[in-house]
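Geometric and topological summary
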Amino acid sequence: MSDPRGNTIHWNPGAEHMTGYKAEEAVGNSYSSFYREKYSSSDSPNLKFEFADEKGVCVAEGWRVRKDGSNFWADEVTTPIRDGTWQVTGFVTIVRDITIKKQAEDELKDAREKALEVSRLKSNFISNISHELRTPLNGILGTCELLLLTPLDADQSELFQAPFRNPENLF
């Protein structure tokens, strides 16, 4: 839980376990201290509070930092706490570590991209092989047809006509 300015006022055991920070280390610090360094000095942490105040809830994903300096991908839901006059008295943020889920999504995306590339390469290969086989075979068959128009002895004529009587034997 945070006050209206984003300073931590309550830190539960789940947050301790996920981040490595004990409640006494977290309480009193700005929520931005749990963002990665490049975002902690920006307006990103404060924007979620402004958005939650305006819309009633802010759902976000992004990198957060643990006490040991490691990062984790967080799914956050932030809602404002209001008093009887509808003034914001603080915010509740529920955070889940979804690093494993994001890694699985990335691996699935990579596998899909690789499968699509393999399929594309296979199609190109088949197309090229088909062309490479079809062109010389058409030339051979055309030559055979032309040769049949010339005078051949009986054995030669039989050899050249065989493929045309049984084309399935060609392949």
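In this report, we go over the structure that sits alongside the text. (Residues numbered from 1 in each chain as written. Predicted model: local features only at pLDDT ≥ 70, side-chain atom pairs only at ≥ 80, totals over all residues. Heavy atoms only, no water.)

Considering the sheet that holds strand E3 (residues 88-97)
Reading across from one edge, E1-E2-E3 is the order of the three strands in this open sheet, with antiparallel pairing throughout. Pairing within the sheet leaves two strands with one partner each, and these edge strands are strand E1 (58-65) and E3. In this sheet, neighbouring strand axes are inclined to one another by 35 degrees on average, regardless of whether the strands run parallel or antiparallel. Relative to E3, strand E2 (residues 71-82) runs antiparallel, the two being bridged by nine bridges. When the bridges of E3 are listed, isoleucine 81 appears paired with glycine 90. (Pairing = 2+ DSSP bridges. Helix = DSSP H or I, 4+ residues; strand = E, 2+ residues; numbered from the N terminus. Axes fitted to C-alpha atoms, helices over the stretch in contact; angles between N-to-C directions.)

Topic: the nonpolar core
Membership of the largest hydrophobic core is limited to 12 residues, which are Trp11, Ala15, Tyr21, Ala23, Ala26, Tyr31, Phe34, Tyr35, Phe49, Ala52, Cys58 and Phe91. If near-sequence neighbours (up to four positions away) are discounted, alanine 52 is found in contact with Val57, Cys58, Thr78, Pro80, Arg82 and Phe91. (Core = buried A, V, L, I, M, F, W, Y, C linked by side-chain atoms within 4.5 Å. Buried < 20%, exposed > 50% of the residue type's maximum accessible area, 1.4 Å probe, protein only. Contact = heavy atoms within 4.5 Å.)

Some points on the pairing of E2
Judged from the eight bridges that link them, E1 and E2 form a sheet pairing that is antiparallel. What sits directly across from tryptophan 63, in E2, is tryptophan 73. From the end of E1 to the start of E2, which pair antiparallel, there are five residues, and glycine 69 there has a positive phi angle of about 90 degrees. What sits between the antiparallel neighbours E2 and E3 is a turn of five residues, in which tryptophan 86 has the positive phi angle 70 degrees.

Some thoughts on the pattern of salt bridges
For the coordinates displayed, the defined rule picks out 12 salt bridges. Between lysine 48 and glutamate 76 there is a salt bridge, with the nearest N and O atoms lying 3.1 Å from each other. Of this pair, lysine 48 sits in helix H4 (residues 44-55) while glutamate 76 sits in strand E2, and the two are 28 residues apart along the sequence. Under the relative-accessibility criterion, glutamate 76 is labelled buried at 1%. Close ionic contact of aspartate 53 with arginine 82 constitutes a salt bridge, the shortest N to O distance being 3.0 Å. Separated by 29 residues along the polypeptide, aspartate 53 in helix H4 and arginine 82 in strand E2 bring together distant segments of the chain. One network of salt bridges, with partners in common, ties together Glu61, Lys101, Lys102 and Glu105. (Salt bridge = Lys/Arg side-chain N within 4 Å of Asp/Glu carboxyl O.)

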